[in-house]
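# Results of the structural survey
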Amino acid sequence: MRQGGLVDPFPPARRRLANGSVNGPAIEWEQRYRRTVIISDTVATAIVVAGIGEFFGGRDAANWHEKWGILAFGTELLVLSALVVGRSWAPAVLGQGAEEFRRLGRSLFAATVVLALGGIALTSRNIKLWIFVAIPAIGLVTMTARYLLRLDLHRRRKDGRCLRPVLAAGSPSTVGDLITRTRKFPHIGWRVEAVCTTDGRGLDDDELEGVPVVGGLADVAKHVRHDGYRVVAVTPDPYWTPDRLQRLAWNLEGSDAEMVVAPVLMEVAGPRLHVDAVLGIPLLRVSLPTFTGGRRAIKEVVDRVGAAVLLMVFAPLMAFVALLVLADSRGGAFYRQRRVGKDGREFTIYKFRTMVVGAHRARAELADRDEGAGLLFKVRRDPRVTRVGAVLRRYSIDELPQLFNVLTGAMSLVGPRPPLPEECAAYDPDIRRRLLVKPGLTGLWQISGRSDLPWEEAVRLDLRYVEDWSLALDTVILWKTMRAVLHGQGAY
C-alpha cells in the first residue's frame, strides 16, 4: 500500500472475515510495527554510541580505538539485551499508554547499573562517559523515536486502520460500555467486531450498539477459532464463574487470541494491581493509593524545581503578557481567586486576568447561557472575556502564574483540577476523594478535552488520577499537555 509515494509500513492484513473485518492468523501490521520499533531502538542506540565515541572519547589514549570499540560494542549489546530482558518490545505494550515508556526506562536503568558494576570491576576510567552521557542520550533518542512512531500509529487508528479485531463477551450493559469506550478512544487499538451475550441476543435482538451478536457466552472459543479474533474481552456477567473462565482460557490455547478479563474494579489500574497465587488460587491484589513516601517526596522535589525552572524560562513571556493585559482593558494584570487544595485547605490561585473588571457580578445575568457540565459554570462565547483574554485562554497562557502556587507548595504540576469552594460544598463523599492529593496545573482533564468534557467524565478522570498516580503517568501527562495546549481543544 502506498500513500503519497511512500510505502505504508503498517498495511492491513490480507484475509477478510465474513463479518467484514480484516484479520489474519497474526495481524501483519502488528509484526511490522514491532519490527519497526526494534530497528528504531537498535539504530538509535548505534548512532548515540558512535557519536559518543567519536566526539567525547579519550583520544589521548594510545589504544583509544581498541578501548572505544570494546566500550561501544559492550554498551550497545548491554542496552539491547536489557530491552529484551525487560520485555520492552512485547507487542502488548507497544503503543499502549505509559507502560511502554515505563518498561523502556526500567530497562535502561538496569543497563546503567550493570555497566556501572562492570566499570568498577574492570577499574575503567572511561566508564563514566558511557554511564552519565551515553545511556541518558540513548534514552532520550529512543523515547522520542517511539513517541513519533506512536503518533503515526494513533493517526492510523483514528482513520480506522491498525486496529485489533475484538470479540466482546459479557452482559449487554457492560459490553455496550466497552464498545462505546473503544469508539471514543480509537488510539487504544481495539475495534469490537462481534459480541457474545448470555442468551445470544443484544438490545436490538441481533445487534448491540451496531455490532452483531454472533452467539452465546458458551460459544466464544468456537467463534474465535473460526473467525480469528485477536482479542477476547470478557466483561462482567453472572455466567462467568471461575471454572468457565478457566475453561475458556484453555480452549483459546493455540490460537492467536489474547484473553482480557475486565475486573470489577474498573477504574483501578497500573501499578496498584498485582496478581498473586495464594494456595494455588490466583488473586488480584489491589494495593493502597500512594499519598506519602519516597515517590511522593520525589514528586514534591520535581514540582518545586520544575516550577522554578519554568518561571525563569517564561519570565519574559509573562512580563509581555502582563503588559498586554494592562493595555487591553481597565484593571490589574493578575486575577486572584480562592480555590480548594489538598485535604480541603483553601488557597489563593493566581492567573492572568482574562475578563473585564467586575465579571463575577455579571455571572447571574448569564445563568441561562451556562454550558458548563455539572457544577462548572462555562459560557463558550462569554461576553466578559477580553480580546487578549480570549487568546490567553485558548492556549492556557493565563494559567502560567499558577507556577507560583506550585513553587509555594499549594499546587502540583500534575493533579486534579483545583475546584472552587462552592463546588466542594456540593461534593458527595466519593467526589471528595479528589482532595486527597494536591490540585494540578495540568492533569488528565487537561489532555482529554478540558471544558468539552461532561461533568461525570471530568470527575472520573480526577478520581482515576488519585487512584492510579505514578511518576510515569505524570511524565506522560506533562508531555501530552504541550500538544493539548497547542491545539487549544476545549479551552474557552
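Let us look at the structure shown here. (Residues numbered from 1 in each chain as written. Predicted model: local features only at pLDDT ≥ 70, side-chain atom pairs only at ≥ 80, totals over all residues. Heavy atoms only, no water.)

On to helix α6 (residues 220–227). Within α6, the full set of buried residues consists of V220, A221, H223, V224 and D227. Seen along its axis, α6 keeps its buried residues to an arc of 165°; they face one direction. Among the exposed residues of α6, those oriented more than 90 degrees off its buried face are K222 and H226. In the stretch just after α6, G228 is the one whose phi turns positive, near 70°. (Buried < 20%, exposed > 50% of the residue type's maximum accessible area, 1.4 Å probe, protein only. Helix = DSSP H or I, 4+ residues; strand = E, 2+ residues; numbered from the N terminus. Arc of directions from axis to C-beta.)

Another point: the pattern of salt bridges. Evaluation of the coordinates by the stated rule reveals 23 salt bridges. E99 is the salt-bridge partner of R106, the closest N and O atoms lying 3.7 Å from each other. Salt-bridge contacts for R146 lead to E100; the nearest nitrogen and oxygen are separated by 3.3 Å. Of this pair, R146 sits in helix α4 (residues 127–158) while E100 sits in helix α3 (residues 97–122); the two residues are 46 residues apart in sequence, bridging distant segments of the chain. (Salt bridge = Lys/Arg side-chain N within 4 Å of Asp/Glu carboxyl O.)

The next point concerns a nonpolar patch on the surface. A cluster of nonpolar side chains, V301, V305, V309, M312 and V313, forms an exposed patch at the surface whose accessible area comes to about 480 Å². Structurally, M312 is set in helix α8 (residues 294–328). (Patch = residues over 30% accessible without salt bridge, like charges linked within 9 Å, V, L, I, M, F, W, Y side chains within 5 Å. Areas by Shrake-Rupley, 256 points an atom, 1.4 Å probe, with all protein chains shown as cover.)

When strand β9 (residues 231–234) meets strand β10 (residues 258–261), the two strands line up parallel, connected through four bridges. Residue V232 lies in a different strand from β10, and its bridge partner there is M259. (Pairing = 2+ DSSP bridges.)

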